[in-house]
Amino acid sequence: IDGKRSLAEILLHAHATEFVALRFLHQLMRGGLIAVGEAPAAPAAPPKTAPGPALGVPARISDALEKLAGGDPESALETLSAAYRDHPGEPSLRALIGKAEAACREAALRVVGPTKVPYVAVPAQHRSREGLSPLECYLLTVVDGKNDVRSILWVAPLRELDVLRGLKRLHERGVVQFR
């Protein structure tokens, strides 16, 4: 807890379940040892170009299937995840999310092999935290140039797919390279 990290970042670094970490933070706050600060103002959202109709589940499924067939499992997974948030428990969405996650894992493993050793290619002073998710910021703390991807998967308190996708995104931005 350094006054700069968001709650999401603190939870990633806690290496504990969300419940345990939040209970501990709550105890610290009740004891007066920490205080909750204000979040920085979020940038204004860009104006919507046209208020078109929201896509229903069948349209989103069709869109996601096109993206999967077109070799873009990341976009397909985002579309399906958004649809699932709007319609939790939809069995067809759950099955397709599993398919999209498998395709994302396969695509990530082509770049981020389990025996490859990631290293940070951009020094911290030349890298902006803007545009990096809390997950990606956390991954940068465990990438040391010595441990391979398999080791990172063992120590990271995250799903395998999330770690692989995060490392792949960092590699695509040139922040992380592999040996």
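Everything here concerns the structure above.
What comes next is a walk through the structure. These figures come from a predicted structure and were not determined experimentally.

## Quick word on the packing of helix α3 (residues 57–69) against helix α4 (residues 73–86)
Between α3 and α4, the shortest axis-to-axis distance is 7 Å and the interhelical angle comes to 165°. Compared by their axis directions, α3 and α4 come out roughly antiparallel. Regarding α3 and α4, the two cross each other, and that crossing is left-handed. Note on element contacts: α4 touches α3 through P73, S75, A76, T79, L80, A82, A83 and D86, opposite R60, D63, A64, K67 and L68.

## Quick look at the nonpolar core
One finds L139, L167 and L170 to be the most contacted residues of the largest nonpolar core, which totals 20 residues. Elements supplying a minimum of two residues to this core: α6 (134–142), α7 (149–155), α8 (160–172) and β2 (176–178). Take this core: its biggest share by element is six residues, from α6. The residues contacting L139, other than those within four sequence positions of it, are I152, V163, G166, L167 and L170. A64, L93, L96 and I97 belong to the second-largest nonpolar core, a separate cluster that totals 13 residues.

## What to know about the side chain of R165
For R165, the location among the structural elements is in helix α8. For R165, a relative accessible area of 10% translates into the label buried. With sequence-adjacent residues up to four places away left out, R165 is seen in contact with E74, L77, E78, C104 and A108.

Conventions and cut-offs
- Residues numbered from 1 in each chain as written.
- Predicted model: local features only at pLDDT ≥ 70, side-chain atom pairs only at ≥ 80, totals over all residues.
- Heavy atoms only, no water.
- Axes fitted to C-alpha atoms, helices over the stretch in contact; angles between N-to-C directions.
- Helix = DSSP H or I, 4+ residues; strand = E, 2+ residues; numbered from the N terminus.
- Parallel < 35°, antiparallel > 145°, perpendicular 65-115°, else oblique.
- Left-handed = near helix turned anticlockwise from the far one by under 90°.
- Contact = heavy atoms within 4.5 Å.
- Core = buried A, V, L, I, M, F, W, Y, C linked by side-chain atoms within 4.5 Å.
- Buried < 20%, exposed > 50% of the residue type's maximum accessible area, 1.4 Å probe, protein only.

Honestly, that's just the spatial picture; any functional story needs more than this.
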